[in-house]
Amino acid sequence: PRVVSGPAWASMFGIDLGATRSVVVSRSGEIVRNEIGGHNSASLIAFSGNARLLGEAAMAASTAKGTVSHLHLLAGRTLSEASALPLSPHWNFTMVEGAGQEVEIEALYDGETRSFT
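Residues numbered from 1 in each chain as written. Predicted model: local features only at pLDDT ≥ 70, side-chain atom pairs only at ≥ 80, totals over all residues. Heavy atoms only, no water.

A. Here's a closer look at the nonpolar core. Ranked by size, the top nonpolar core spans 14 residues in total, and within it F47, L74, W91, F93, M95, V103 and I105 carry the most contacts. The biggest single contributor to this core is strand β8 (residues 103-109), with four residues. Not counting residues up to four positions away in its chain, the partners in contact with V103 are L74, R77, T78, L79, A82, M95, V96 and T117. (Core = buried A, V, L, I, M, F, W, Y, C linked by side-chain atoms within 4.5 Å. Buried < 20%, exposed > 50% of the residue type's maximum accessible area, 1.4 Å probe, protein only. Helix = DSSP H or I, 4+ residues; strand = E, 2+ residues; numbered from the N terminus. Contact = heavy atoms within 4.5 Å.)

B. Quick peek at the side chain of S43. Secondary-structure assignment places S43 in the loop between β3 (41-42) and β4 (44-48). Only 3.4 Å separates the side chain of S43 from the backbone oxygen of R21, close enough to count as a polar contact. Here S43 is in contact with G18, A19, T20, R21, S22, V68, S69 and H70, once residues within four sequence places are set aside. (Polar contact = N/O pair within 3.5 Å; in protein donor to acceptor, adjacent residues only side chain to side chain.)

C. Quick peek at the sheet that holds strand β7 (residues 94-97). One open sheet accounts for three strands, arranged β7-β8-β9; its pairing is antiparallel. In this open sheet, the two strands that pair with only one neighbour each are β7 and β9 (112-116). For this sheet, the mean inter-axis angle between neighbouring strands, taken without regard to orientation, is 40°. Looking at chain direction, β7 and β8 are connected through four bridges and run antiparallel. (Pairing = 2+ DSSP bridges. Axes fitted to C-alpha atoms, helices over the stretch in contact; angles between N-to-C directions.)

D. Inspection of the pairing of β4 at higher detail. Alignment of β4 against strand β6 (residues 67-69), held across three bridges, turns out to be antiparallel. Looking at β6, one finds that L44 is bridged to S69. Where β4 and strand β5 (residues 51-54) come together, four bridges link them in antiparallel fashion. From the neighbouring strand, F47 faces β5, where its bridge partner is R52. What sits between the antiparallel neighbours β4 and β5 is a turn of two residues, in which G49 has the positive phi angle 65°.

E. Local environment of the packing of aromatic side chains. The final tally for this structure, using the stated rule, is four aromatic pairs. Ring centres of W91 and F93 lie 5.2 Å apart, and the angle between their planes is 15°; on these two criteria the pair is classed as stacked. Of the two residues, W91 and F93, both sit in the buried class. Look at Y109 and F116: their rings are 5.8 Å apart centre to centre, the planes differ by 85°, and that puts the pair in the edge-to-face class. (Phe/Tyr/Trp six-rings, centres within 6.5 Å; stacked < 30°, edge-to-face > 60°.)

Shown next as structure tokens:
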């Protein structure tokens, strides 16, 4: 393992990506509060018009086709691996293959279909 010290260490943080909720912790060990003061945030991204909404804002504005969840299950997977997950037939978003076979999510953003990693 690599030991990190100095300015790089001071800027590190941790993220616990859960299925429905996520938590971010600063280097000092403090939980980073979300936009409404809570200790955890919804594990969602919502695309609405030309806005990308995260966490609680995404939950409030979510639409069936414009909301992406379960992203933690896709991290580090190829498209074929992600497509084989038991939940994938029930997701309301489209997965496509990106560079290096990584999974990308297609969403309607600013009037056009775009891919996001």
